[in-house]
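# Descriptive analysis of the structure
The residues making up each chain are set out below.
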Amino acid sequence: MASLSKQEQDIDLSTHPVPPDARMGKLSLTMAWWAVCSAMFYIVVGASLALAYGARNAIIGMLLSVVCYGVINAVISRFAVRSGLSVALFSRLLFGRLGASLATLIFFSTAIYYAVFEGSVIAVALNHLYPSLSYPLAALLVVLYSVPLIFGSVQNWLDKFNGVLLPFYLFGLLAAVALSISEYGYQPQWLDFGPVEPSATGWWDCFTAYMGVWVLMMFTFDYARFGKPEDARYHGRWNFGMPFYLVTFLLNGVAGIYLAASMPREGELSEVTVVMAILQLMGIWGLLFVWVTQTRINTANYYLATVNMQAFFGDLCQLRQSRVVWALVVGALVYGLMLADVFSWLLKALAWQGIFVVAWVAVALAHILSHAAANPDAGHELPAFSARGLVAWCGASMLGLGLLQVGEPTVASFSAPLSFLVAFGTYWFMAVGKHQAALKSGAV
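Residues numbered from 1 in each chain as written. Predicted model: local features only at pLDDT ≥ 70, side-chain atom pairs only at ≥ 80, totals over all residues. Heavy atoms only, no water.

## Details of the confidence of the model for the protein chain
Our working rule: Confidence of the predictor at the level of single residues is captured by pLDDT, which takes values from 0 to 100. Helix and strand assignments come from DSSP, with helices taken as H or I runs of at least 4 residues and strands as E runs of at least 2, each series counted from the N terminus. Two residues form a contact once any of their heavy atoms are found within 4.5 Å.
Across the protein chain, the average pLDDT comes to 87, with 88% of residues at 70 or higher. Averaged over each element, pLDDT in the protein chain is lowest for helix 1 (residues 6-10) (45) and highest for helix 4 (residues 55-83) (96). Note on residues 1-10: pLDDT under 50 across the span, and 21 contacts to partners over four residues away in sequence or across chains.

## Here's the deal with the environment of Met338
Within the secondary structure, Met338 is located in helix 15 (residues 323-339). For the pair Met338 and Gly119, spaced 219 residues apart in sequence, the C-alpha separation works out to 7.8 Å. Other than its neighbours up to four places away in sequence, Met338 contacts Val116, Gly119, Ser120, Ala123, Tyr135, Ala139 and Val143.

## Quick notes on the environment of Thr295
Rule in force here: Each residue gets one of three labels from its accessible area relative to the maximum for its type: buried under 20%, exposed over 50%, partly exposed in between, using a 1.4 Å probe on protein chains only. Think of a polar contact as two N or O atoms within 3.5 Å of one another; within protein, one of them needs to be a possible hydrogen donor and the other a possible acceptor, and neighboring residues in sequence only count if both atoms come from side chains.
With respect to the element layout, Thr295 can be found in helix 14 (residues 284-317). Take Thr295: its relative accessible area is 2%, and that puts it in the buried class. Thr295 sits 149 residues away from Ser146 along the chain, and the two C-alpha atoms are 7.3 Å apart. Those residues in contact with Thr295, other than ones at most four positions away along the chain, are Ile122, Tyr145, Leu149 and Phe161. Within the structure, Thr295 has its side chain in polar contact with the side chain of Tyr145 (distance 2.7 Å). From its side chain, Thr295 meets the backbone oxygen of Trp291 in a polar contact 2.7 Å long.

## Points about the nonpolar core
This is how it is decided: Note on terminology: a nonpolar core comprises buried Ala, Val, Leu, Ile, Met, Phe, Trp, Tyr and Cys residues joined through side-chain atoms within 4.5 Å.
If you look at the biggest cluster of nonpolar residues, it comprises 152 residues, and the most contacted ones within it are Phe90, Trp214, Trp360 and Trp393. Counting residues per element, this core draws most heavily on helix 6 (residues 100-129), which supplies 16 residues.

## Brief notes about helix 11 (residues 232-239)
Structurally, the α-helix is built with 3.6 residues per turn, so residues lying three or four positions apart point the same way. The line we're drawing: Regarding the arc, it is the one traced by the directions from the helix axis to the C-beta atoms.
Listed in full, the buried residues belonging to helix 11 are Ala232, His235, Gly236 and Asn239. Projected down its long axis, helix 11 shows its buried positions confined to an angular sector of 125 degrees, all on one face. At its buried positions, helix 11 is contacted by helix 2 (26-33), helix 4 and helix 12 (242-262).

## Examining the packing of helix 11 against helix 12
Threshold: Angles run from 0 to 180 degrees between N-to-C directions of axes, and those axes are lines fitted to C-alpha atoms, restricted for helices to the stretch in contact. Should an angle lie under 35 degrees it is considered roughly parallel, over 145 roughly antiparallel, and from 65 to 115 roughly perpendicular; all remaining angles are considered oblique. The classification used treats Ala, Val, Leu, Ile, Met, Phe, Trp, Tyr, Cys and Pro as nonpolar, Asp, Glu, Lys and Arg as charged, and all other residues, Gly among them, as polar.
In contact at an axis separation of 5 Å, helix 11 and helix 12 are set at 30 degrees when each is read in the N-to-C sense. As the angle between them shows, helix 11 and helix 12 are arranged roughly parallel. For the pair formed by helix 11 and helix 12, the contact residues are Arg237, Trp238 and Asn239 on the first element and Met242, Pro243 and Phe244 on the second. When its residues are assigned to classes, the contact of helix 11 with helix 12 shows 4 nonpolar, 1 polar and 1 charged.

## Section: a nonpolar patch on the surface
Note the cut-off: Two joining distances apply to patches: 9 Å for like charges and 5 Å for nonpolar side chains (Val, Leu, Ile, Met, Phe, Trp, Tyr), and every residue must have over 30% relative accessible area and no salt bridge. Note on areas: Shrake-Rupley with a 1.4 Å probe; residue coverage comes only from the protein chains shown. Salt bridge, as applied in this entry: a Lys or Arg side-chain nitrogen positioned within 4 Å of an Asp or Glu carboxyl oxygen.
Together, Leu399, Phe414, Leu418, Leu421 and Val422 give the surface a local cluster of nonpolar side chains, amounting to about 390 Å² of exposed area. The element that contributes the greatest number of residues to the nonpolar patch is helix 19 (residues 415-441), accounting for 3 residues. By the element assignment, Val422 lies in helix 19. In this structure Val422 comes out as partly exposed when scored by relative accessible area, which is 33%.

## Looking at the pattern of salt bridges
Enumeration according to the criterion identifies 2 salt bridges in this entry. Between Asp192 and Arg56 there is a salt bridge, with its nearest N and O atoms 2.8 Å apart. Placement of the pair is Asp192 in the loop between helix 8 (154-184) and helix 9 (202-210) and Arg56 in helix 4, with a sequence separation of 136 residues. We note a salt bridge from Arg92 to Asp315, for which the minimum N-O separation is 2.6 Å. One end of the pair, Arg92, is in helix 5 (residues 87-95); the other, Asp315, is in helix 14, and 223 residues separate them in sequence. Each of the two residues, Arg92 as well as Asp315, counts as buried.

## Remarks on the packing of helix 3 (residues 40-53) against helix 4
Keep this limit in mind: Two helices crossing with the near one rotated counterclockwise from the far one by less than a right angle form a left-handed crossing, whereas a clockwise rotation gives a right-handed crossing.
Put simply, helix 3 and helix 4 touch, their axes get as near as 7 Å, and they point 130 degrees apart. Relative to helix 4, helix 3 is oriented oblique. Read as a crossing pair, helix 3 and helix 4 show a hand that is right-handed. Along its contact with helix 3, which presents Gly46, Leu49, Ala50 and Tyr53, the element helix 4 presents Ala55, Asn57, Ala58 and Met62. For the contact of helix 3 with helix 4, the class distribution of residues is 6 nonpolar, 2 polar and no charged.

This is the structure in C-alpha cells:
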C-alpha cells in the first residue's frame, strides 16, 4: 500500500491550493485522470439512449457532448492549473466560506452514488460467476480493496495504478466487440438499433441526457489543479479536452450500441444486463474486464468523495480528520448503500443534483471569464455567504428543478440547458456590474 506523499503530510490539500512542488508531469496526470474514461456506465448509457431515441441520434448527441465538454473543460482545467484551487476552495470565491459547503456536499454525495453503482457491478459479476459468494460478501470485498487504493496520493500512486490498467481496459473493450462478432456474426443493422421511427429531436434529448453527468467537470477541476502551469495548454486541449471525451463518450457509447444490438439479453437494458452478457460471452476474462473498468473509475469516485467530504465537514463542522479517516467513512457509506434497495431513489437524487451541478459549472465559467477571476488568490477575507454566487446558482437550480418536475418530456429536456444559461447570465451581469461600479468609484 502506498503511503501519503510528503506534500500531503505537510499540507492538507483539501484546504490549501496545490503547491508548485506537488504538481505532476504531463504523463502522470494523464494516467491518473484517464481512469475516469473506463466505466460500464458509459457503455450502458450509449446503448440506452440508442434504444430510446435511435442509434444515429445517440451518436449525434455524443458528438455534440464531446465538443461541449471539450470547450468548457479547456477553460476550467486551465484555471485550475493556474490557481491550484480545488472545487471546495474555488467555491468559496463563488459562494462564500459557508456557502461553498453546498457545493462540496453535492460533489461528495454524487461521487459516492457513482461508487455505489460501479462497485455493485463488480459485486454482481462476482456473485454471478461464483454463486457460493453471496452478494453482501462480494460487495464487502469490493469495498475492502477499493478504500486502500486511495490511501496513496494522486501524484505517487493513482497515476501508476491506472496507467498499468489502461491497456487492459482498451484491449478488453475491443475483445468484447470482436468476440461478439465471432459469436453472433457482424450485425450491419446496428445503426438502426432503437425505435422504428426515431424522433426528429432525439439528438437533443441525447445531448441533454449527457448534461446529467456534468459532474465530470467538477472531477476535472479537482484533478487539473495537480498540473504544472507550463503544461496548461496540453491539459486544456488534450488531457481534459475533446480527445478524452471521444474515448469516454463516443468509443464507449458506440461499443455499447453495437453490443446491445448484437448480443441477446434478458429484461430491460441496464449495467447488470450488459455485464451478464459480457460474462456469458467472455467468462473469466469478462470478469477481469469488468474489474478493470470499474476499479479504474472507482479510484476517482472514492478519491473525490473523500477529499470533498473532508472539506465539507472541515468547513461546516470544524472536524479536522485525516484523509484516511474520511476514506473509511466513504467506504462504510458505499457498502451500506450497496446493500440497501435504494437505486430508484439514487437515480432521482442524481437527476436533481445534476441540475445543481450544471448551474455550478455555469457560475464557475462566468466567474473565470469575468474580471472576478483576474486574481484567483485575492480575497483572503471571504464572507460567510456571497449573495452574487448563491442567487445565480440557487435561482437557476430552482428553475431547472421546476422544469424537471413538470412531467412533460419536452419541457424537462430544457431543464439543464436553461439552468446553465440563467446561472451564467445572472452571475456574469452581477460580476461585470460590480466591476464597472468599482471602476467608476476609483476602487479598481
